[in-house]
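Coordinates in review
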Amino acid sequence: MKQQFKKYWKIVVAIIIVSAALLFFPVQKAFRNYTSQLLQDKVTKLVDEKTAGQYSFEFDDLRYNVFKQQIKLANFRFFLKDKSQLKFDSKESENKVYYLIEIQNLEIRLKDQFDFFFNDKLEINVVVVSQPNITVINNRIQKNNVSLTKISGDLYRGITEYLQVFELKNLVVKEAKLDYQLHTKSFKKEYKFNSFSFKLHNFKLNRQKGKTKNGHLLFTDEFEINSGYQEFVMPDGLHKVSYDRFGVSMEKEFVEIYNLRITPLHAKGDNESDRVEVFVPTVKLINVDFEKAYYENEINIRKLLIESPKLNLQLTVNNLDIDSLSISERFAKSNILDIINTLVVEQLILSHSSVLLELTQNDRQQDFLVKGLNYQGSKLKIDSSTFANFV
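Here is what the cut-offs are and how they apply
- Residues numbered from 1 in each chain as written.
- Predicted model: local features only at pLDDT ≥ 70, side-chain atom pairs only at ≥ 80, totals over all residues.
- Heavy atoms only, no water.
- Helix = DSSP H or I, 4+ residues; strand = E, 2+ residues; numbered from the N terminus.
- Buried < 20%, exposed > 50% of the residue type's maximum accessible area, 1.4 Å probe, protein only.
- Contact = heavy atoms within 4.5 Å.
- Areas by Shrake-Rupley, 256 points an atom, 1.4 Å probe, with all protein chains shown as cover.
- Pairing = 2+ DSSP bridges.
- Phe/Tyr/Trp six-rings, centres within 6.5 Å; stacked < 30°, edge-to-face > 60°.
- pLDDT = per-residue confidence, 0-100.
- Salt bridge = Lys/Arg side-chain N within 4 Å of Asp/Glu carboxyl O.

Let's shift gears to the overall build of the chain. Regarding its fold elements, the chain presents five helices and 17 strands. Burial analysis of the chain (391 residues in total) assigns 37% to the buried set. Once local pairs closer than 6 in sequence are excluded, the contacts in the chain between residues at least 24 apart make up 63%. By element, 53% of the accessible surface of the chain is carried by carbon and sulfur atoms, the whole surface being about 23,600 Å².

Below is the structure:
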């Protein structure tokens, strides 16, 4: 008997492996379909409750790792069911903000897979989002200022609303791209953001410690956002602002910007407009009130450090008598400063500054250069009208 088994053992093992494979693949497919249906049912219910049935979602493929309690979704899409709502309607009484999201890879790590499969509980430990394309459409009826802080605030608000819906505490977003569209009765504007990443850890809703204008205050143990190169056209339509790297930490109340630039959009000589060029290697904002920046469009900073800024003003003049007043008036009348929110700075430190003023009159250019400027100020308020009465 033993001799016969030894003779045929390879055949027996092969039969067992083939049988297991034939059984495994149908079971795996059935399990995947079951997991997909469970996830769809649970998420659909939550999305319907949150959006009053306005939004839906879909995905191309689902993978589940039982050992990691991990669900992976490929090509996840979150969209508005009725796309006609995206059109601007001047008859609306309030602003409408819509979100459209396409995610290449979405990873969901469950807290307890037993509760998910047998108790109909979707408890998530962390969500990892890779390479999402986010579109925010703001149909604005009411006339309120729109700024970069307002744009980022709309995105943050949209994210945190769904963190509350899914009772999610941890979120990691990698290489996101944002398309922010502002629609009004008189104009349309579009702001595109290059790749950026952020993470949010231990998100919680604290109803005891303070209130915001919408009745609650959002807290996290850690929120960080990091961005590579970005550029935006400025309100005057003649210049752009860009930077190489940008970082925010809400935990540390800290913002840092590297290689901040303001540069003309057109080459010199293409038009006769005044030109401004600014380069700042490092800008640091310490102890920032992020809540007030979003809700009141005012940025309160305990300390603002601007290191080695270089300012180049290129002005074409016709009159013979040019003084500091007329120069500051021309600078103030340009819309270039409209990008600045109201800044309330407890302490401002400018170090190793330089200013180059180029005055062109009757094809003759005069240059005035000041280097090595250092400045410290306290209790300052800076906005787009700061230079209006500056002499």
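Text resumes after the structure shown.
Turning next to unusual backbone geometry. At H352, a residue that is not glycine, the phi angle is positive and equals roughly 55°. Mapped onto the secondary structure, H352 falls in strand β16 (residues 342-361). Of note, K379 is a non-glycine position whose phi angle comes to about 50°, a positive value. Note that K379 resides in strand β17 (residues 364-382). Here K379 falls in the exposed class, since its relative accessible area comes to 65%.

Turning our attention to the pairing of strand β14 (residues 298-307). Pairing geometry for strand β13 (residues 275-288) and β14, over six bridges, is antiparallel. Residue pairing across strands places L285 opposite L304, the latter belonging to β14. As defined by bridge partners, β14 adjoins β16 across nine bridges and the pair is classed as parallel. Paired with L304 across the two strands is L348, which belongs to β16.

In this section: the environment of L238. Along the chain, the position of L238 falls in the loop between β9 (230-233) and β10 (239-243). Classification of L238 as partly exposed rests on a relative accessible area of 28%. In sequence terms L238 and V276 are 38 residues apart; their C-alpha atoms lie 9.4 Å from each other.

For the structure on display, the rule yields six aromatic pairs. Aromatic pair Y55 and F78: ring centres 4.9 Å apart, planes at 10°, arrangement stacked. Pair noted here: Y55 is in strand β1 (residues 55-58) and F78 is in strand β3 (residues 70-80), with a separation of 23 residues, a long-range link. On the accessibility criterion, Y55 (6% relative accessible area) is buried. Note on F196 and F198: the rings are 6.3 Å apart at their centroids and 15° apart in plane angle, and the pair reads as stacked. Pair check on accessibility: F196 and F198 agree, each one buried.

Moving on: the pairing of strand β2 (residues 61-65). Of the two faces of β2, the one lined by L62 and Y64 is fully buried and the one lined by D61, R63 and N65 carries no buried residue. In this sheet, β3 lies alongside β2 in antiparallel orientation, the contact comprising five bridges. The partner of L62 across the bridge, within β3, is L73. Following β2, the chain reverses through four residues before pairing antiparallel with β3; Q69 in that reversal takes a positive phi of roughly 50°.

Our next topic: the confidence of the model for the chain. This prediction gives the chain a mean pLDDT of 76; 72% of its residues lie at or above 70. This stretch, residues 21-25, has a pLDDT under 50; its non-local contacts, to residues over four places away or in other chains, come to one contact. Predicted confidence for residues 387-391 stays below pLDDT 50, and this span has nine contacts to residues more than four positions away or in other chains.

For P132, the location among the structural elements is in strand β5 (residues 124-139). Its relative accessible area of 2% is what places P132 among the buried residues. Put simply, P132 and K174 are 42 residues apart on the chain and 7.7 Å apart in space, counted from C-alpha to C-alpha. When residues no more than four places from it in sequence are discounted, the contact partners of P132 are E102, I103, V173, K174, E175, A176 and K177.

Moving on to the pattern of salt bridges. Taken as a whole, this structure holds nine salt bridges when the rule is applied. With a shortest N-O distance of 2.9 Å, R261 and D244 are connected by a salt bridge. Here R261 is found in strand β12 (residues 254-264), whereas its partner D244 is found in the loop between β10 and β11 (245-249), with 17 residues between them in sequence. Its relative accessible area of 24% is what places R261 among the partly exposed residues. Between K379 and E346 there is a salt bridge, and its shortest N-O distance comes to 2.8 Å. In this pair, K379 is assigned in strand β17 and E346 in strand β16, connecting sequence segments 33 residues apart. According to the relative accessible area criterion, E346 is partly exposed, its value standing at 39%. Within the structure, one salt-bridge network assembled from shared partners comprises E58, D60 and R77.

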